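Spelled out, the chains give:
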Amino acid sequence: RPATRPACPWSAPSLVQIPEFPWGLDYELLLHPEGASPTTLPLSFVTYDGGGGTARKVVFAELPISQLPAPGGDPARGAYDLVATDGGIFTFGNTQFYGSKGGQPLNAPVVGMAATPTGGGYWLVAADGGIFTFGNAPFDGSKGGQPLNAPIVGMAATPTGGGYWLVAADGGIFTFGNAPFDGSKGGQPLNAPVVGMAADPTGGYWEVAADGGIFTFGAPFYGSKGGQPLNAPVVGMAATPTGGGYW
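Residues numbered from 1 in each chain as written. Predicted model: local features only at pLDDT ≥ 70, side-chain atom pairs only at ≥ 80, totals over all residues. Heavy atoms only, no water.

Asks: Tell me what's going on with the overall build of the protein, and back it up with residues and numbers.
Replies: In terms of regular secondary structure, the protein is built from zero helices and 16 strands. The buried share of the protein, reckoned over its 247 residues, is 48%. Sequence separation of 24 or more characterises 44% of the internal contacts of the protein that already satisfy a separation of 6 or more. Surface summary for the protein: the accessible area is close to 11,400 Å², and the carbon and sulfur share equals 54%. (Helix = DSSP H or I, 4+ residues; strand = E, 2+ residues; numbered from the N terminus. Buried < 20%, exposed > 50% of the residue type's maximum accessible area, 1.4 Å probe, protein only. Contact = heavy atoms within 4.5 Å. Areas by Shrake-Rupley, 256 points an atom, 1.4 Å probe, with all protein chains shown as cover.)

Below, the structure written as structure tokens:
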């Protein structure tokens, strides 16, 4: 990309390339920005000819510049995790590995994760609402083994780490621990399924649909892509550390 963004100690401030991850798995990027709550971002995939006609998968993640270490900071502080649909965890930078579900039987694929505010643990959530905890992430309940009108597609942790929300494809919200219920799209008509959510650090949360529509519950509305042409469906969202915007 053109060098129009603020200087950053990383060699590629807006693009991270992570090669040779297994085929058939979906990944999410979990950022641990210094001095801010961890943020989950979706990854996109491309393929290319690696030579001799062999196709390989390359994972690219767009990193908002505000989430990266400040100019002059220690790039070693930057860290993130990847979670695969089989529950495998991949750690990068100075983030810690606290365990995973990789190689273990699952009733449903893992569809999201969230980190504790201290970065000392994380939760994984499966499409059936099952919750798996690692490190200092407390178990506050799950929807595993219970009927769902639509599969779970994501989760978000409360700012204190004392609870979490699960969001389903129909916009339904399930709360656990100290996560308050501020409303949902469950049972209401949708132009496209909900694909993710993000928590506002100041209170409330957002849901995002595959057509880019944004639904706010106790959180401010800053705009959406709903009703506008898209080259590809939206697959997730993330909030700024202050709650003053979202991607």
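Right, picking up where we left off after that structure.
Asks: Which residues make up the sheet that holds strand 14 (residues 194-199), and what are the values?
Replies: Overall, antiparallel pairing links the three strands, which are arranged 14-15-16 in an open sheet. In this open sheet, the two edge strands, each paired with only one partner strand, are strand 14 and strand 16 (214-217). Looking at each pair of strands side by side, their axes are set apart by 20° on average, direction ignored. (Pairing = 2+ DSSP bridges. Axes fitted to C-alpha atoms, helices over the stretch in contact; angles between N-to-C directions.)

Asks: So what about the nonpolar core? Which residues, and what values?
Replies: Within the largest apolar cluster, 25 residues are counted, with the highest numbers of intra-cluster contacts made by Trp123, Ile131, Met155, Tyr164, Trp165, Leu166 and Met197. Secondary-structure elements contributing two or more residues to this core are strand 9 (121-126), strand 11 (152-157), strand 12 (163-168), strand 13 (173-177) and strand 14. (Core = buried A, V, L, I, M, F, W, Y, C linked by side-chain atoms within 4.5 Å.)

Asks: Can you break down the side chain of Lys143 residue by residue, with the values?
Replies: Tracing the chain through its elements places Lys143 in the loop between strand 10 (131-135) and strand 11. One buried charged residue, Lys143, forms no salt bridge at all, with the nearest opposite charge on Asp170 at 11 Å. (Lys, Arg positive; Asp, Glu negative; His and termini not counted. Salt bridge = Lys/Arg side-chain N within 4 Å of Asp/Glu carboxyl O.)

Asks: Got a sec to walk through the pairing of strand 14? Specific residues and values, please.
Replies: Most of strand 14 sits out of view: six of its six residues are buried. With five bridges connecting them, strand 14 and strand 15 (residues 205-209) associate as antiparallel partners. Across the sheet, the residue bridging to Gly196 is Val208, located in strand 15. Connecting strand 14 to the next strand, strand 15, in antiparallel fashion are five residues, including Gly203 with a positive phi near 130°.

Asks: Please set out the pairing of strand 12 residue by residue, giving values where relevant.
Replies: The element strand 12 is extensively covered by neighbouring structure, given that six of its six residues are classed as buried. Every second residue of strand 12 is oriented toward a common face, with Gly163, Trp165 and Val167 on one face and Tyr164, Leu166 and Ala168 on the other, all of them buried. Examined bridge by bridge, strand 11 and strand 12 share five bridges and lie antiparallel to one another. Pairing of Ile152 across the sheet is with Ala168, part of strand 12. With antiparallel pairing between neighbouring strands as the criterion, strand 11 and strand 12 make up a hairpin whose turn holds five residues, including Gly161 at a positive phi of roughly 80°. Across five bridges, strand 12 lies against strand 13 in antiparallel orientation. Across the sheet, the residue bridging to Trp165 is Thr175, located in strand 13. What sits between the antiparallel neighbours strand 12 and strand 13 is a turn of four residues, in which Gly171 has the positive phi angle 90°.

Asks: Which residues make up the sheet that holds strand 10, and what values go with them?
Replies: Spatially, the three strands line up as an open sheet ordered 8-9-10, and their pairing is antiparallel. Each edge of the open sheet carries a strand with a single partner, namely strand 8 (110-115) and strand 10. Recorded for the sheet is a direction-independent mean angle of 20° between the axes of neighbouring strands. Strand direction decides the pairing type here: strand 9 and strand 10, joined by five bridges, are antiparallel.

Asks: Any chance you could break down the confidence of the model for the protein for me, citing the residues and the numbers?
Replies: The predicted model of the protein averages 76 in pLDDT, with 68% of residues at 70 or higher. For residues 1-77, every residue scores under 50 in pLDDT, and the model assigns this stretch 170 contacts once sequence neighbours within four places are set aside. (pLDDT = per-residue confidence, 0-100.)

Asks: Just give me the short version of the environment of Gly161, but keep the residues and values in it.
Replies: Along the chain, Gly161 turns up in the loop between strand 11 and strand 12. By relative accessible area, Gly161 is classed as buried at 9%. Between the C-alpha atom of Gly161 and that of Gly177, which follows or precedes it by 16 residues, the distance is 9.0 Å. Residues within four places of Gly161 in sequence aside, it is in contact with Pro117, Trp123 and Pro138.

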